[in-house]
Amino acid sequence: MKIFVYHTPELVPTQSLPDCAVVIDVLRATSTIATALHNGAAGIRAFADLEELQQTAASFALGTCLKAGERGGKGVPGFEMGNSPFEYTPERVTGKRILMSTTNGTRALQAVQKTTVVITAAFINLGVVRNFLKQEEFQTVWLVGSGWEGSYSLEDTGCAGAVAWELGEPGNDETVAACALYGQWQGDLLGLLKQASHGQRLLGLGCLEDLKYCADAGRLNVLPRQNDEGYLVGTYL
Ligand code: 3SL
């Protein structure tokens, strides 16, 4: 296996695809996606564009889907759900399809959606991601951070480093750097999230509990996996 870490979706090659793409948005899209699927959501369709999401929602029977949106860390007016994992309780999401658009995470998903195998990772489902990648025999794996509006983000590259660290396979220079970053913070993931600029943005919005939740490594064993372009369902090993 060869691992390629890309810090943002903008850095992903456009002329090739890996055997497996792992999309990472620790704060908070891929933490929230794992939580929603763990709590019984039927599936999650990712949209980069809010307009397209609204049009799709209009084609669903009443009460069968939930619109989930985030821009700049805040919910989207008129949408039932924001992007805090705590909103995605079994009572609200069981059996529902969630149509989701976030600032960066859903754009990262769209960037690799043509890959045969697409999964998502966060610290909260790190163990199942590691087990899945170990059991499959992929030649190339891309670990794609969502970043923030085209820039590197500490928490996504830290999580990419955690996945790569656990696999212990060779990778590109970014993989080596990501492993070093994880090595520095692995005993204090909450500290990593608090240090990150988006972590600080969320702290400014009163989301400390979200950071604590997203730093709780391995609490969920759900593996979000794309089963149709742009549509993720919960799988278990
Ligand atoms: O950028 C994103 O996709 C979001 O996850 C950002 S937030 O944590 O919901 O603010």
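Asker: What am I meant to see in the overall build of the chain here?
Answerer: Per the secondary structure count, the chain includes ten helices and ten strands. At 16 Å, the chain has a C-alpha radius of gyration in line with the 18 Å of a compact globule built from 237 residues. Expressed as lengths along the three principal axes of its C-alpha atoms, the size of the chain is roughly 50 × 35 × 30 Å. Relative to its 237 residues, the chain shows a buried fraction of 54%. Relative to all contacts within the chain whose residues are 6 or more apart in sequence, the contacts with residues 24 or more apart total 77%. About 9700 Å² of surface is accessible on the chain, with carbon and sulfur atoms providing 48% of the total. On the chain, the mean spot of the 18 positive side-chain charges and the mean spot of the 25 negative ones are 5 Å from each other.

Asker: Got a minute to help me understand helix H9 (residues 197-204) in this structure?
Answerer: Every α-helical turn comprises 3.6 residues, leaving residues that sit three or four positions apart pointing alike. Within H9, burial applies to His198, Gly199 and Leu202. For H9, the arc enclosing every buried residue in end-on projection is 105 degrees, short of the 170-degree limit, so these residues lie on one face. Residues of H9 that are exposed and angled more than 90 degrees away from the buried face: Ser197 and Gly204. Looking at the packing, one finds that the buried side of H9 touches helix H6 (154-167), helix H8 (189-195) and helix H10 (208-214). A positive backbone phi angle near 85 degrees is found at Gly206, which sits one or two residues after H9.

Asker: For this particular structure, what's the right way to read the nonpolar core?
Answerer: Nonpolar side chains tend to gather and get buried jointly when the protein is soluble and globular. Counting 69 residues, the largest nonpolar core has Cys20, Val22, Ile98, Ile119, Phe123, Leu133 and Leu143 as the members making the most contacts within it. At six residues, H6 tops the list of elements feeding residues into this core. In contact with Cys20, not counting residues within four places along its chain, are Thr115, Val117, Ile119, Phe132, Leu133, Phe138, Thr140, Val141 and Trp142. Ranked by size, the runner-up nonpolar core spans seven residues in total, among them Phe47, Ala57, Cys65 and Phe79.

Asker: Looking at this model, I keep getting lost on the site of the ligand. Mind explaining?
Answerer: Around the ligand, a shell composed of 14 residues is seen, among which Arg28, Asn83, Thr102, Asn104 and Gly105 lie nearest. Within the backbone of Ala29, an N or O atom sits 3.0 Å from an oxygen atom of the ligand. In the model, an oxygen atom of the ligand is placed 2.5 Å from a nitrogen or oxygen of the Asn83 side chain. Across the complex, the protein chains shield 100% of the 290 Å² of accessible surface that the ligand would expose by itself.

Conventions and cut-offs
Residues numbered from 1 in each chain as written. Predicted model: local features only at pLDDT ≥ 70, side-chain atom pairs only at ≥ 80, totals over all residues. Heavy atoms only, no water. Helix = DSSP H or I, 4+ residues; strand = E, 2+ residues; numbered from the N terminus. Rg over C-alpha atoms; globule rule 2.2 N^0.38 Å. Buried < 20%, exposed > 50% of the residue type's maximum accessible area, 1.4 Å probe, protein only. Contact = heavy atoms within 4.5 Å. Areas by Shrake-Rupley, 256 points an atom, 1.4 Å probe, with all protein chains shown as cover. Lys, Arg positive; Asp, Glu negative; His and termini not counted. Charge placed at Lys NZ, Arg CZ, Asp CG, Glu CD. Arc of directions from axis to C-beta. Core = buried A, V, L, I, M, F, W, Y, C linked by side-chain atoms within 4.5 Å. Near = heavy atom within 4 Å. Polar contact = N/O pair within 3.5 Å; in protein donor to acceptor, adjacent residues only side chain to side chain.

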